[in-house]
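Fold and geometry: a report
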Amino acid sequence: MYYLVVFVVLLGVELLYFRVADYFNIIDKPNERSSHTRITLRGGGIVFYVGALVYFVASGFSFPWFMLGLTLIAGVSFVDDVRSVTQRVRLVVHFVAMLLMFYQWGMVSLPWWYVLVALVVCTGIINAYNFMDGINGITGGYSLVVLGGLAYVNGWVVPFVDEKMIYTMMVAVLVFDGFNFRRKAKCFAGDVGAVSIAFVILFLLGRLILETGDWSYIIFLAVYGVDSVLTIIHRLMLHENIGLPHRKHMYQLMANELKIPHVVVSLVYMGVQAVIVAVYLAMPGMHYACLGGSVAVLGIGYVLFMRKYFKLHLVIK
């Protein structure tokens with residue numbers, strides 16, 4: 001009954017947001033770097049934040065510092081969806097939100113350099129997740145796979161969080177997917193959506209890693225991680241400003257240059273990550289071997305793909 005009520009509430013919030021976004025003209029206009037061609041409502045991913053808020057209230061205000069951090073990072077991201085926010089302001093807010101999450105994790109007693117490294121890495125993960133949000137279905141679909149894997153671990157391997165938190169977020173993702181995971185999307189997640197769901201997933205992964213001491217659980221983000229890191233390296237090799245928008249991710253080449261339907265590309269990313277998680281969970285004694293093998297296979301696949309198809313991007317450009 002709880003999840004049915006959550007679904008109805010979040011669906012109502014999403015539909016209400018569509019009216020607000022339409023009234024205030026919160027839209028995403030296609031440009032030369034976009035992977036879409038239609039004007040579409042932006043910020044539909046606000047339902048992820050509302051889902052976390054619903055759990056926060058229903059659970060008796062669990063994880064208040066995390067929720068405060070999420071509110072800050074979602075807030076600045078939503079403002080950025082409506083009107084541009086300077087990179088410096090976004091970065092400061094991201095750092096503050098991360099520190100609040102670290103405090104919720106109980107990391108304040110660790111050496112300062114450990115916290116500093118974690119701050120840089122976690123902020124990078126959040127922004128990489130946001131950069132990967134460029135076609136219909138990819139953010140919602142990929143997040144559903146990651147949350148599903150975390151739910152399995154929490155229920156069958158080692159409990160690290162209240163299961164309602166994970167399942168509430170899965171309901172929020174499903175509501176969003178109903179409007180985004182299709183050929184003609186009704187809305188895009190926007191920065192508020194991509195950053196919010198990334199922050200939630202990072203919080204859950206962090207709790208799992210700190211509970212088990214097993215860093216190999218980062219494999220749950222392997223597909224996004226390899227694509228993001230190797231794309232950055234590729235752009236540096238091309239002497240590009242990595243802070244500027246672009247269309248050089250593998251998924252972008254698949255959707256734009258190879259003309260593969262967005263939902264198909266999203267399903268490929270979901271499927272590959274799901275297989276990696278399944279193999280990883282089926283081999284509990286070889287977690288780090290699975291992590292290394294997955295990164296190697298994904299990396300080789302990325303390089304071979306780019307060697308064959310990146311020329312199409314150069315020709316079309």
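Residues numbered from 1 in each chain as written. Predicted model: local features only at pLDDT ≥ 70, side-chain atom pairs only at ≥ 80, totals over all residues. Heavy atoms only, no water.

The name an unreviewed UniProt entry assigns to the chain is Glycosyltransferase family 4 protein, from the organism Butyricimonas paravirosa. The chain has a UniProt comment under Subcellular location (unreviewed entry) that states "Cell membrane". (UniProt positions renumbered as here; feature names shortened; annotations may be inferred.)

Let us now look at the environment of leucine 68. For leucine 68, the location among the structural elements is in helix α3 (residues 64–82). Given the relative accessible area of 38%, leucine 68 is considered partly exposed. C-alpha of leucine 68 to C-alpha of valine 96: the two residues are 28 residues apart in sequence and 9.9 Å apart in space. (Helix = DSSP H or I, 4+ residues; strand = E, 2+ residues; numbered from the N terminus. Buried < 20%, exposed > 50% of the residue type's maximum accessible area, 1.4 Å probe, protein only.)

Turning next to the side chain of serine 77. As for its placement among the helices and strands, serine 77 is situated in helix α3. Serine 77 gets classed as buried once you look at its relative accessible area, which sits at 4%. In terms of polar contacts, serine 77 uses its side chain to reach the backbone carbonyl oxygen of isoleucine 73, at 2.7 Å. Beyond its immediate stretch of four places on either side in the chain, serine 77 contacts His94, Asp191, Val192 and Val195. (Polar contact = N/O pair within 3.5 Å; in protein donor to acceptor, adjacent residues only side chain to side chain. Contact = heavy atoms within 4.5 Å.)

Compared with an ideal rise of 1.5 Å per residue, which puts 16 residues at 22 Å, helix α9 (residues 222–237) spans 22 Å between its outermost C-alpha atoms and is within 8% of the ideal. Every buried residue belonging to α9 is among Ala222, Val223, Tyr224, Val226, Asp227, Ser228, Thr231, His234 and Arg235, and all of these are buried. Taken from the residues just after α9, histidine 239 is the one with a positive phi, measuring 60°. (Expected span 1.5 Å × (residues − 1).)

The 3 strands are arranged β1-β2-β3 in an open sheet whose pairing can be described as mixed. Of all strands in the sheet, those with a lone pairing partner are β1 (27–28) and β3 (187–188), marking the two edges. (Pairing = 2+ DSSP bridges.)

With that settled, the discussion passes to unusual backbone geometry. Of note in the backbone geometry, phenylalanine 61 takes a positive phi value of approximately 70° without being a glycine. With respect to the element layout, phenylalanine 61 can be found in the loop between α2 (46–58) and α3. With a phi angle near 60°, histidine 239 is a residue other than glycine that sits in the positive phi range. Mapped onto the elements, histidine 239 comes out in the loop between α9 and α10 (250–257).

Using the criterion set out here, one finds 21 aromatic pairs in the structure. Both rings, one in phenylalanine 66 and one in phenylalanine 203, keep their centres 4.2 Å apart while their planes meet at 20°; by these two values the pair is stacked. Separated by 137 residues along the polypeptide, phenylalanine 66 in helix α3 and phenylalanine 203 in helix α8 (residues 190–212) bring together distant segments of the chain. Look at phenylalanine 203 and you get buried, because its relative accessible area is 0%. Summarising the aromatic geometry, the rings of phenylalanine 305 and tyrosine 309 are spaced 5.0 Å apart at their centres and angled 50° between planes, so their arrangement reads as tilted. Here tyrosine 309 and phenylalanine 305 lie together in helix α12 (residues 287–316), a separation of 4 residues that amounts to about one turn. Exposure remark for phenylalanine 305: the relative accessible area of 13% places this residue in the buried category. One aromatic cluster in this structure is built from Phe63, Phe66, Phe199 and Phe203. (Phe/Tyr/Trp six-rings, centres within 6.5 Å; stacked < 30°, edge-to-face > 60°.)

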